[in-house]
Amino acid sequence: MRTVVEIKKGVHWVGAVDWHVRDFHGYSVDKGSTYNSYLVMDDKVTLFDAVKKPFKSDMLHNIYKVIDPGKIDYLVVNHVEPDHSGSIPEIIEAIKPEKVFCSSRGKKALLDHYHRDDWPYEIVESGQEISIGKRTITFLETRMLHWPDSMFSYIKEESLLISSDAFGQHWATSERFNDQVDSSELMAHAVKYYANILLPYSGLVQKLIAEVKKMNIKIDMIAPDHGLIWREDPLQIVEAYDKWSKQGCKRKALIIYDTMWHSTEMMAKAIADGLIESGISVKLMNLACDHRSDVITEMIDSKAVILGSPTLNNGMLPRMADMLCYMKGLRPINKFGAAFGSYGWSGEAVKQLAKSLEEMKMKLFGAGINLQFVPNHEGLKKCVDLGREIAAAIKDSVPV
Amino acid sequence: MEKYVCQVCGYVYDPAVGDPDNGVNPGTSFADLPADWVCPVCGADKDSFSPE
């Protein structure tokens, strides 16, 4: 994908589209991604961010369509993760920038990645402005959103926010703007991105949104480093982040399970029956079919997280252990939890699941349901009742 | 002396080590850190720390 797009007069998208990436350190990106970088033509020609290492030729090719890379004066590094900086050694070699702007943590991260103390680093602080000619860049540090080095760059003359990883989506497209694609699919990619990358930092997202509101800046375009640029109604994604970071829930329950011989699956369906007949929206996710990153995305607005695993070799099934490791790191809050599972002779899994839910500070419903081998009618009735009990609690705590 | 964990990024403040890069000598308890001390990894303030 080598097509430069002028996103504003004199501001060009010169990034790369990765149509074939499917795994992003454990997050499934089923429709690829893009690595966006932006070139601003001014007295000081300025390049914002770079691309993943294998795409450096795509990026340089794009830059050449606009200008000889050697004529670029400034490089701004908003975020050092290798999907945006992997090509930086070659890009710096090609453009020989006068200055490389980054946060203090950004400089440290660049040194720790590329071990080049000869680059012309220029550390900038939050609120600092630099003039590049007709335009002014204001930097805003966004520490831990989602790395310590992360920052935004705002160009006031363009009302353009270059937002690094925030507000991005993993979605490879030939279109560059939100108004050129299906909006529900776009929001589905955006919420998946939030749930898998930013969820643990939701408190900081709340603070940042308040800070940006206080700055009272005009934003008519938000250009993230992945996916589509928000041109039409750009503040819709800020409002969505406000909502997701509050972690408010719907009257919805998520039943996540794995099963050996369908006994735990029978229990999952019985719990679902109890919830559905009480008017709760339910999602059943079998870890043999559903990827951990899709499960997390469904969890973001679910009030109850109900986990099921049979016991295998005195523990839970390995896919559930994987799910719990991932879930703990992403720190969901405000949830109800419950555990269930079938066992043969020892039955440790349910206790382990309940313990994990407790560690994640979820409000537990009993010790969990542990049924031996294949559930009978009476066993399944307990499951339906658990579903009803959780449904009643959800209705009590979540307004319609 | 008790160690404290940054709830934002997971950094652990160990009084035995201090934070020499930011002028905090080894042996300084968490309580004795200056009020404007911030997490050396992510910049979170003291309120963001909990005992380990």
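Cut-offs and rules
- Residues numbered from 1 in each chain as written.
- Chains lettered and ligands numbered in written order.
- Predicted model: local features only at pLDDT ≥ 70, side-chain atom pairs only at ≥ 80, totals over all residues.
- Heavy atoms only, no water.
- Helix = DSSP H or I, 4+ residues; strand = E, 2+ residues; numbered from the N terminus.
- Rg over C-alpha atoms; globule rule 2.2 N^0.38 Å.
- Buried < 20%, exposed > 50% of the residue type's maximum accessible area, 1.4 Å probe, protein only.
- Axes fitted to C-alpha atoms, helices over the stretch in contact; angles between N-to-C directions.
- Parallel < 35°, antiparallel > 145°, perpendicular 65-115°, else oblique.
- Left-handed = near helix turned anticlockwise from the far one by under 90°.
- Contact = heavy atoms within 4.5 Å.
- Nonpolar A, V, L, I, M, F, W, Y, C, P; charged D, E, K, R; others polar.
- Lys, Arg positive; Asp, Glu negative; His and termini not counted.
- Salt bridge = Lys/Arg side-chain N within 4 Å of Asp/Glu carboxyl O.
- Polar contact = N/O pair within 3.5 Å; in protein donor to acceptor, adjacent residues only side chain to side chain.
- Pairing = 2+ DSSP bridges.
- Patch = residues over 30% accessible without salt bridge, like charges linked within 9 Å, V, L, I, M, F, W, Y side chains within 5 Å.
- Areas by Shrake-Rupley, 256 points an atom, 1.4 Å probe, with all protein chains shown as cover.
- Buried area = accessible area lost by both parts, 1.4 Å probe.

A. Representation of the overall build of chain B. Within chain B, the regular secondary structure consists of zero helices and three strands. For chain B, the N- to C-terminal ordering of α and β elements is β-β-β. Against the globule reference of 10 Å for 52 residues, chain B gives a C-alpha radius of gyration of 10 Å, in line with a compact fold. Residue burial in chain B is summarised as follows: out of 52 residues, 40% are buried.

B. Layout of the packing of helix α8 (residues 263-276) of chain A against helix α12 (residues 377-397) of chain A. All names here are of chain A. Running from N to C, α8 and α12 point in directions that differ by 40°, and their axes come no closer than 7 Å. Judged by the inter-axis angle, α8 sits oblique to α12. Our pair here, α8 against α12, has a crossing hand that is right-handed. Where α8 approaches α12, its residues M266, M267, A270, I271, G274 and L275 are matched on the opposing element by L380, C383, V384, L386, G387, R388, I390, A391 and I394. Taken together, the residues that form the contact of α8 with α12 break down as 12 nonpolar, two polar and one charged.

C. Structural view of the side chain of D49 of chain A. Residues and elements named next belong to chain A. Inspection of the secondary structure puts D49 in the loop between β8 (46-48) and α1 (56-66). Buried within the structure, D49 lacks any salt-bridge partner; its nearest side chain of opposite charge belongs to R176, at an N-O separation of 14 Å. A polar side-chain atom of D49 sits 2.7 Å from the main-chain amide nitrogen of N78.

D. View of the pairing of strand β1 (residues 5-8) of chain A. All names here are of chain A. Pairing of β1 with strand β2 (residues 11-13), which is carried by three bridges, proceeds in the antiparallel orientation. Opposite V5, over in β2, you have W13 as the bridge partner. From the end of β1 to the start of β2, which pair antiparallel, there are two residues, and G10 there has a positive phi angle of about 85°.

E. Looking closely at a nonpolar patch on the surface. Residues and elements named next belong to chain A. The grouping of M266, W345, F373 and V374 at the surface amounts to a nonpolar patch, some 500 Å² of accessible area in total. Among the structural elements, M266 can be located in helix α8. Residue classification places M266 among the partly exposed positions, given a relative accessible area of 32%.

F. Spotlight on the interface of chain A and chain B. Opposite the seven residues of chain A that make contact, chain B presents eight residues. Summed over both sides, the interface of chain A with chain B buries roughly 550 Å², with 48% coming from carbon and sulfur. The tally of links from chain A across to chain B stands at zero salt bridges. At the surface where chain A touches chain B, the tally comes to five residue pairs in polar contact (both at pLDDT 80 or more). Taken together, the residues that form the side of chain A that touches chain B break down as four nonpolar, no polar and three charged.

G. Representation of the environment of K53 of chain A within the structure. Residue and element names in this part refer to chain A. Relative to the elements of secondary structure, K53 occurs in the loop between β8 and α1. Taking the C-alpha atoms as reference points, K53 and M285, 232 residues apart in sequence, are found 35 Å from one another. K53 has contacts with P82, G86, S87 and E90, leaving out every residue within four places of it along the chain.

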